[in-house]
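Each chain, letter by letter, is given below.
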Amino acid sequence: MNTSSGAYSLAEMERLAKEKVEKKSPIFWSYINLGTGDRQTFEESLRAFKRYRFQPRILSAKRQRSTFTTVLGQPIAIPIGISPVAGYSYLHADGDANAGRAAARAGTVKILTSVGDLPIEDFAAMVPKDGHYWAQTYLFEDRRNTLHIVRNAERLGFKAIVVTVDSPVEHKASGSNRNVKDCFKDIHLKTPSANIRYIGGKKRDFAQQHSVAELWKPDQLAHKETFCFGDWDELAWLKSETKLPIVLKGVLTADSARKAAAFGVAAILVSAHGGRQLDGSPAPLEALPEIVDALKDTKLEVYMDGGIRTGNDVVKALALGARAVFIGRPALYGLAVNGEDGVYQVLKDLRERVDNLYVIYAVVHRCKN
Ligand SMILES: Cc1cc2nc3c(=O)[nH]c(=O)nc-3n(C[C@H](O)[C@H](O)[C@H](O)COP(=O)(O)O)c2cc1C
């Protein structure tokens, strides 16, 4: 890894990020690393990678190799994109745009969250035009919020809509983690959750300042718009509203993947929301093979996120059938340590390690432990 941040590996980047973030707000570090319930899914998502081993193909090292691939028909330089994450602006003003620029430099996809604090129009104005951006949305309580994202994404050259479907309710953390959202009390922004334009059936009045804490109190304001009961009909409605390809994020079973295929989505992002939603759901890596198998006769692409921390993790997920993987927290760590350059370093480091493994990797196999 580039030494300008002082980090030599992603684990080191995480350690430096922890030091830096905790100095400002220990509770915000807990927020980033929140796992709901007993953190079973959060921890399993990391551990799952350790149950697989490479079977090296000796004496057949590939001199010619490439980390390039395509997603939804578009070329990307590395099979590693950035997942949608709300919270960039708490670490760095314009944090989302920094991550967007880093992704563009690395030649890969950045997914913009719908509940972040940078208006989607501002994000688009601050990142290179030839970058590769997807816009995430929820099936918001008020369809006008969903359409606000979709219409802007279409107009501003985003290449896909990512619909997150794993959050009908907000699951809570237990133990010492249960009050992590108290960190919102210390966060003051000009336009928090800027892309939520309608609240309680009315156009939001931005002159009326709401704090982050107020917006995200259970059953209040933005919280009520986001954690709502979108269903398959709502997905069908969204599909009828846009020609952009839809990536369904938060799928963890073969049944749901098959149903999603029948609804005409273009891709599945196997994800457990970083262990921040239903605790006890499978680790994405564990769910991946059955979903890949269920979709093998379709044209749907399958991606995964959750627990990717090393190049080995990336290659294991690809070997199990993912076309590409996405990272959530590691990009935040890079941002906390060194802004845009920090995020770029994380992607660059992963790329180098993946390239190295491409020399020898053949298949992975599951071990008993
Ligand atoms: C602080 C934080 C905020 C997140 N916000 C969103 C969000 O707004 N929308 C979404 O679909 N997923 C969100 N996620 C989940 C990520 O997109 C992704 O699924 C997860 O972070 C992947 O796991 P990883 O952090 O181990 O890479 C968030 C994750 C974190 C850590």
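For the structure itself, look to the data block above.
None of these values were measured; they are calculated from a predicted model. (Residues numbered from 1 in each chain as written. Predicted model: local features only at pLDDT ≥ 70, side-chain atom pairs only at ≥ 80, totals over all residues. Heavy atoms only, no water.)

**Some points on the overall build of the protein**
Along its length, the protein carries 14 helices and 14 strands. Whereas a compact globule of 369 residues would reach a radius of gyration of roughly 21 Å, the protein reaches 20 Å, a difference of no more than 12%. The principal-axis extents of the C-alpha atoms in the protein amount to approximately 65 × 50 × 45 Å. Taking all 369 residues of the protein together, the buried fraction comes to 56%. Restricting the contact set of the protein to residue pairs at least 6 apart, pairs at least 24 apart contribute 73%. In the form shown here, the protein has an accessible surface area of approximately 16,000 Å², with 51% of it arising from carbon and sulfur atoms. Averaged over its 51 positive side-chain charges, the protein has a centre that lies 4 Å from the centre of its 42 negative ones. (Helix = DSSP H or I, 4+ residues; strand = E, 2+ residues; numbered from the N terminus. Rg over C-alpha atoms; globule rule 2.2 N^0.38 Å. Buried < 20%, exposed > 50% of the residue type's maximum accessible area, 1.4 Å probe, protein only. Contact = heavy atoms within 4.5 Å. Areas by Shrake-Rupley, 256 points an atom, 1.4 Å probe, with all protein chains shown as cover. Lys, Arg positive; Asp, Glu negative; His and termini not counted. Charge placed at Lys NZ, Arg CZ, Asp CG, Glu CD.)

**Concerning the site of the ligand**
In the vicinity of the ligand, 24 residues are found, and the nearest of them are Pro84, Thr113, Thr164, Asp305 and Gly328. Note that a nitrogen atom of the ligand is positioned 3.3 Å from one of the side-chain N or O atoms of His273. Computed on the free molecule, the ligand has an accessible area of 600 Å², of which 98% lies beneath the protein chains in the complex. Put simply, the parts of the chain that give the shell around the ligand at least two residues each are α2 (26–32) and α14 (329–360). Looking at the shell around the ligand, its residues break down into 9 nonpolar, 10 polar and 5 charged. (Near = heavy atom within 4 Å. Polar contact = N/O pair within 3.5 Å; in protein donor to acceptor, adjacent residues only side chain to side chain. Nonpolar A, V, L, I, M, F, W, Y, C, P; charged D, E, K, R; others polar.)

**Digging into the nonpolar core**
Core analysis: the largest hydrophobic core is formed by 101 residues, its most contacted members being Ile268 and Met304. In this structure, Met304 is in contact with Phe49, Leu269, Val270, Pro284, Leu285, Leu288, Ala317, Ala322, Ala324, Val325 and Phe326, ignoring residues within four places of it in sequence. Counting residues in each nonpolar core, the second largest holds 13 residues, with Val71, Ile76, Val109 and Ala324 among its members. (Core = buried A, V, L, I, M, F, W, Y, C linked by side-chain atoms within 4.5 Å.)

**Notes on the packing of aromatic side chains**
With the rule as written, the count across this model stands at 14 aromatic pairs. Ring geometry for Phe123 against Phe158: centres 6.0 Å apart, planes inclined by 35 degrees, an arrangement best described as tilted. Linking Phe123 in helix α6 (residues 120–126) with Phe158 in the loop between α7 (143–155) and β7 (160–164), this pair joins segments that are 35 residues apart in sequence. Overall, the relative accessible area of 0% leaves Phe123 in the buried class. By relative accessible area, which is 4% here, Phe158 ends up buried. Against the face of Tyr344 rests Arg105, its NZ or CZ located 4.1 Å from the ring centre. (Phe/Tyr/Trp six-rings, centres within 6.5 Å; stacked < 30°, edge-to-face > 60°. Lys NZ or Arg CZ within 6 Å of the ring centre and 35° of its normal.)

**Description of the packing of α7 against helix α10 (residues 232–241)**
Where α7 contacts α10, the axes come no closer than 11 Å and their chain directions differ by 30 degrees. Relative to α10, the crossing made by α7 is right-handed. From α7, Arg143, Thr146, Leu147, Val150, Arg151 and Glu154 reach across to α10, where they touch Glu234, Trp237, Leu238 and Glu241. Tallied by class, the residues present in the contact of α7 with α10 amount to 4 nonpolar, 1 polar and 5 charged. (Axes fitted to C-alpha atoms, helices over the stretch in contact; angles between N-to-C directions. Left-handed = near helix turned anticlockwise from the far one by under 90°.)

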